[in-house]
Amino acid sequence: MNALRTLLGSICLGFLLGTPAFAQLTDLTQAPNTIGAGIQKSLTQEIGAGRGTDQTPDYSLFLIRRDPFRSIARGRQLFQCKFTLAQGLGPRMNDGIGNLDTQAALGAGLSDSCAGCHSRPFGSAGSGGNVFTRPDSRDAPHLFGLGIKEMLGDEITQDLRGIRASAIQQAAQLGADVTLPLVSKTIAYGSITAHADGSLDTSGVQGVNADLRVRPFFAQGKTISMREFIVGALKAEMGLESFDPDTLLASQGQDVITPAGMVLSGSVDSFEAPPVSSATQDGDVDGMVDEVPVSLVDHLEFYLLNYFKPGLGEQTAQAQHGFELLRSIGCTECHVQDLTIRHDRRVADVVTAFDTIHANDVFSRLFATAIPRLDSIDDGLGLPPLRPPQSHAFAVRKIFTDLKRHDLGPRFHERNFDGTVTTQFMTTPLWGVGSTAPYGHDGRSLTLEDAILRHGGQAQVQRDGFAALTPAEKSDVLAALGTLLLFSPPDTASNLAPANPSHPQFPMQGHGSIDLSVLFLTPTNKE
């Protein structure tokens, strides 16, 4: 830990010159160019030798546990990588042929990279895509802070199920009904009643399924884990089939801990099975076998677990007043501002905020500070030390969500292809909202004010409270929301790669970035 802090404080300027940018990227071994822009390693090298163990170099488990920042960077490259037909890209699910009533994913487009749908701002795992998986479309959300959402959802689930177990135990002891409030992290999820015979009345449960499992992914709250999200998106949006033993075993009723530390509790929860059930079986019609090996999924999951949370713009008096108004009119009853994770599985946190002194003042006035959250343990095997996360508590600031479903009235209701209507949606975290127009799960609200005034149903009182504000007060609220920003990692200076205005090609180069390679075991061996 101390050694890593020393490293962060003494990064050599030589690492800062010519820092590569990251967006949708081609493989330099396939598409070379004069300036060397692109992914340094071939896809075969990025995938490595497989999953292996923490004692087998060049395997995904070895990197995650001993060289974690390389694994994160490798996941980033795989996320940005433009896959080719020879590597198994396409076709669309069932080549786009089938019944949309039962297979909405047929309406997903075919992209050659994850960044094809998640790429704004430049070089980020941001927003930007739109797909025909619903009659009125779905917008691809940004993925900033995705690992934090997964951890919060899992911890809330544990809390709610603990309350359920307590109610069952008390009812058995008393021989009478016991009703307990379902509260986690200050958020109320209704109540649950246990009967003396062990049966349950879940009619009082609010904002979550009766099984009390928070599903933080997709607008309707469909998916439990990032790993399911990754495997499903690779298939639906890219035609790439994954053999993933973790989601396979979980879908078969077993409990599995993924390399990123997520417990897939298959014994009590239903998980989505991967499209391929063995390492030699193909799941589509392109004749490609083993298109996405487990190590690729491992790196993508670890990357998204540790992906940056959104940044915070300048906190002017106007913005601060705007946040006060959000609280006073009741918006933060659902858009809960701050939450706490008990056990943080990430290996670092990155705080990105307005800073005119250290920012490059060219592409961004934000500056990112990487803070290590991992230990270093010599296990006596003559290998690099293990670097597990410290698993300390972490205060999540300005996320603005309650991870519950709500009915916001008919203006937000969504038609499905089979004629049904979805009426409840997860509370979208507001962090990053200053960078993600248009708004709504369908992208049909062009401005933040449009999105606020579109609210109704359970948020009618708050909507009317905003509508009643003076024009100046509304401007303050919008100014506050406008400071909740996404950012471009390759264009944001940081304590890993500060801006260097003396660089002869500044600002094209030397403008600083969030360059994880300085934290690799071998920093000169680029990804």
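Above this text is the structure in question.
What counts and what doesn't
- Residues numbered from 1 in each chain as written.
- Predicted model: local features only at pLDDT ≥ 70, side-chain atom pairs only at ≥ 80, totals over all residues.
- Heavy atoms only, no water.
- Helix = DSSP H or I, 4+ residues; strand = E, 2+ residues; numbered from the N terminus.
- Rg over C-alpha atoms; globule rule 2.2 N^0.38 Å.
- Buried < 20%, exposed > 50% of the residue type's maximum accessible area, 1.4 Å probe, protein only.
- Expected span 1.5 Å × (residues − 1).
- Salt bridge = Lys/Arg side-chain N within 4 Å of Asp/Glu carboxyl O.
- Phe/Tyr/Trp six-rings, centres within 6.5 Å; stacked < 30°, edge-to-face > 60°.
- Lys NZ or Arg CZ within 6 Å of the ring centre and 35° of its normal.
- Pairing = 2+ DSSP bridges.
- Contact = heavy atoms within 4.5 Å.
- Axes fitted to C-alpha atoms, helices over the stretch in contact; angles between N-to-C directions.
- Core = buried A, V, L, I, M, F, W, Y, C linked by side-chain atoms within 4.5 Å.
- Parallel < 35°, antiparallel > 145°, perpendicular 65-115°, else oblique.
- Nonpolar A, V, L, I, M, F, W, Y, C, P; charged D, E, K, R; others polar.

A. Molecular detail of the overall build of the chain. Check the secondary structure of the chain and you find 12 helices and 19 strands. Taking 527 residues into account, the globule formula puts the C-alpha radius of gyration at 24 Å, and the chain, at 23 Å, falls close to it. Counting only C-alpha atoms and orienting by the principal axes, one finds that the chain spans roughly 70 × 60 × 50 Å. Counting the 527 residues in the chain, one finds 53% classified as buried.

B. How the structure looks around helix α4 (residues 68–80). Compared with the 18 Å implied by 1.5 Å per residue over 13 residues, the 19 Å span of α4 between its first and last C-alpha is a close match. When you tally the buried positions in α4, you get 13 out of 13 residues, the bulk of the element.

C. Fine view of unusual backbone geometry. The peptide bond linking Gly90 to Pro91 adopts the cis configuration, its omega dihedral lying at -5°. One can find Pro91 in the loop between α4 and β1 (118–120). Between Phe506 and Pro507 the backbone carries a cis peptide bond, its omega angle lying at 5°. The topology assignment puts Pro507 in the segment after β19 (484–485).

D. Inspection of the pattern of salt bridges at higher detail. The tally for this structure, following the rule as stated, stands at 35 salt bridges. Glu527 is paired through a salt bridge with Arg74; the nearest N and O atoms lie 2.9 Å apart. One end of the pair, Glu527, is in the segment after β19; the other, Arg74, is in helix α4, with 453 residues separating them in the sequence. In this structure, Glu527 and Arg74 share a single accessibility class: buried. Across the pair Asp246 and Arg227 runs a salt bridge whose closest N-O atoms are separated by 3.5 Å. With Asp246 in helix α7 (residues 245–251) and Arg227 in helix α6 (residues 226–238), this residue pair connects regions lying 19 residues apart in the sequence. With respect to burial, Asp246 and Arg227 carry one shared label: buried. Within this structure, Lys41, Glu46, Asp58, Asp67, Arg70, Arg74 and Glu527 form a network of salt bridges that share partners.

E. Structural context of the packing of aromatic side chains. In this structure the tally under the stated criterion is 10 aromatic pairs. For the pair Tyr303 and Tyr307, a centre-to-centre distance of 5.3 Å together with 70° between the ring planes defines the contact as edge-to-face. The same class applies to Tyr303 as to Tyr307, namely buried. Clustering of aromatic rings is evident, with ring pairs tying together Phe79, Phe144, Tyr303, Tyr307, Phe308 and Phe487. Residue placement shows Arg346 over the ring face of Phe394; its charged tip is 4.4 Å from the ring centre.

F. Layout of the sheet that holds strand β7 (residues 200–201). Within the open sheet, the 3 strands sit side by side as β5-β6-β7. Their pairing is antiparallel. Of all strands in the sheet, those with a lone pairing partner are β5 (178–184) and β7, marking the two edges. Pairing geometry for strand β6 (residues 187–194) and β7, over 2 bridges, is antiparallel. Pairing of Ala194 across the sheet is with Leu200, part of β7. Along the sheet, helix α5 (residues 146–174) contacts β5, β6 and β7; its crossing angle with β5, the most-contacted strand, is approximately 165°.

G. Focus on the pairing of β6. Most of β6 is tucked away: 6 of the 8 residues are buried. With 6 bridges joining them, β5 and β6 adopt antiparallel strand pairing. Considered in β6, the bridge of Val183 is made with Ala188. Here β5 folds back onto β6, and the loop between the two strands holds 2 residues, one of which, Lys185, carries a positive phi near 55°. Counting the residues in the hairpin turn of β6 and β7 gives 5 residues, including Gly198, whose phi is positive at 95°.

H. Spotlight on the nonpolar core. Core analysis: the biggest nonpolar cluster contains 82 residues, and Phe69, Phe79, Ile148, Leu234 and Leu296 have the highest contact counts within it. Other than its neighbours up to four places away in sequence, Phe79 contacts Ser113, Cys114, Ala115, His118, Ser124, Ala125, Leu143, Leu300, Tyr303 and Leu304. Listed in part, the 18 residues of the second largest apolar core include Leu325, Leu448, Ala451 and Ala480.

I. Representation of the packing of α4 against helix α8 (residues 294–305). For the pair α4 and α8, interaxial distance at closest approach is 7 Å and the crossing angle is 105°. Classified by the interaxial angle, the pair formed by α4 and α8 is roughly perpendicular. On α8, the residues that touch Pro68, Ser71, Ile72, Arg74, Gly75, Arg76, Leu78 and Phe79 of α4 are Leu296, His299, Leu300, Phe302, Tyr303 and Leu304. Class assignment of the residues belonging to the contact of α4 with α8 gives a composition of 9 nonpolar, 3 polar and 2 charged.

J. Layout of the environment of Arg227. Residue classification places Arg227 among the buried residues on the basis of a relative accessible area of 0%. In this structure, the C-alpha to C-alpha distance between Arg227 and Ser475, residues 248 residues apart in sequence, is 40 Å. Non-local contacts of Arg227, meaning those with residues more than four positions away in its chain, are made with Arg51, Asp244, Asp246, Thr247, Thr258, Pro259, Val294, Val297, Asp298 and Glu301.

K. Here's a closer look at the environment of Pro410. In this fold, Pro410 is placed in the loop between β15 (405–406) and β16 (414–415). Given the relative accessible area of 68%, Pro410 is considered exposed. For the pair Pro410 and Val421, spaced 11 residues apart in sequence, the C-alpha separation works out to 9.8 Å.

L. Representation of the packing of helix α9 (residues 317–328) against helix α12 (residues 471–481). Contact geometry for α9 and α12: axes closest at 7 Å, N-to-C directions at 100°. Taken together, the axis directions place α9 and α12 in an arrangement best described as roughly perpendicular. Residues Gln318, Ala319, His321, Gly322, Phe323, Leu325 and Leu326 of α9 form the contact with α12, whose own contacting residues are Glu473, Ser475, Asp476, Val477, Ala479, Ala480 and Leu481. Taken together, the residues of the contact of α9 with α12 sort by class into 8 nonpolar, 4 polar and 2 charged.

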